[in-house]
Amino acid sequence: MSGRIYYDFHIHSCLSPCGAADMTVNNIVNMAVVKGLDAIALTDHNSSKNCPAFLAAAKEAGIKALSGMEITTMEEVHAVCLFKSLDNTMAFDSYVYDLLPDIKNRPEIFGDQILVDEKDQEIGRVDKLLLNAVPISFYDLSDLMEQFGGIYFPAHIDRPSFSLLSNLGFFPSDCPMSAFEIKDISNYESILSKNPDILGVPSLINSDAHYLWDISEPVNVLHGKIYDLLKDWLQYTQS
Ligand SMILES: [Zn+2]
Ligand SMILES: [Zn+2]
């Protein structure tokens, strides 16, 4: 694999209750292709159940893709997990679903949690509400990702809610993470001045798209340590 890789590694599908109904796997993949992205990841809240369809659709469209999840830790910190393979992903998905509080989704309040196949046909709905915190600590993610064959990074650390800095209040220096995600790179200097430990940790800029038009434009290039880490995991190569 060579050349620049324009990426967007934080995208929600119609499985996330807050994701738009037209965030089907083919719509996501085709929008990414139209925009000129090279690599994308599907990262629904606390679930990877649309990843099999997503990877199949990505393969069909000839775009590189990773399967993942945006987990809500017990500290209500959002962290994006990306996996080596679909098997690794679905093993982690089962692990998380078992731990997720047994509280049913109320679609009229939170939105639908729609499962689709690789043709975008609805194949079911997820019962448990996917927005609750999972009883897994942010501090456990490093070991868990080692165990399940994935990497993780704290999501949108410059957001005032559901982020590492808003909820823990600091960047834990004893927490080995592969990267961190920042929404607006112009916030980097002020975050660095209060959290010198982020120095040297790769940054990623993703869309966190819940709507098709939010998916990133081809502006963020995968580079450095995070490129080395992910290059062999990207499932499909453009022909
Ligand atoms: Zn989030
Ligand atoms: Zn998100």
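The structure reproduced in this document is the subject of the present report. Everything numeric here is computed off the predicted structure, so don't read it as measured data.

Points about the environment of phenylalanine 170
Considering the arrangement of structural elements, one finds phenylalanine 170 in the loop between helix H6 (164–167) and strand S8 (180–181). The contact partners of phenylalanine 170, leaving out residues within four places of it in the chain, are Tyr139, Leu164, Leu165 and Asn195.

Quick word on the environment of valine 134
Tracing the sequence through the fold places valine 134 in the loop between strand S6 (122–125) and helix H5 (141–148). Residue contacts for valine 134: discarding those within four places in its chain leaves Asn46, Ile71, Thr72, Thr73, Met74, Val96, Leu99 and Leu100.

A word on the coordination of the zinc ion (ligand 2)
Donor atoms from the polypeptide that bind the zinc ion (ligand 2) are His10 (NE2), His12 (NE2), Glu70 (OE) and Asp208 (OD), placed at 2.0 to 2.1 Å. Angles of 84 to 176 degrees at the metal separate the four donor atoms of the zinc ion (ligand 2), which places the site in the irregular class. One chain supplies every donor to the zinc ion (ligand 2), and in sequence these donors are spaced H-x1-H-x57-E-x137-D. Here the zinc ion (ligand 2) and the zinc ion (ligand 1) are spaced 3.4 Å apart, linked through glutamate 70, which binds each one.

Remarks on H5
When H5 is considered as a whole, its buried residues turn out to be Leu141, Ser142, Leu144, Met145 and Phe148. An end-on view of H5 places all buried positions within 165 degrees of arc, on one side of the element. Among the exposed residues of H5, those oriented more than 90 degrees off its buried face are Asp143, Glu146 and Gln147. In this structure, the buried residues of H5 make contact with strand S3 (64–72), strand S4 (78–83), helix H3 (86–99) and strand S7 (150–154). Once H5 ends, the next one or two residues include glycine 149, with phi positive near 75 degrees.

Rules used in this analysis
Residues numbered from 1 in each chain as written. Chains lettered and ligands numbered in written order. Predicted model: local features only at pLDDT ≥ 70, side-chain atom pairs only at ≥ 80, totals over all residues. Heavy atoms only, no water. Helix = DSSP H or I, 4+ residues; strand = E, 2+ residues; numbered from the N terminus. Contact = heavy atoms within 4.5 Å. Donors = N, O, S within 2.8 Å, 3.2 Å for Na, K, Ca; no water. Tetrahedral: all angles 85-135°; square planar, octahedral: opposite > 155°, others 65-115°. Buried < 20%, exposed > 50% of the residue type's maximum accessible area, 1.4 Å probe, protein only. Arc of directions from axis to C-beta.

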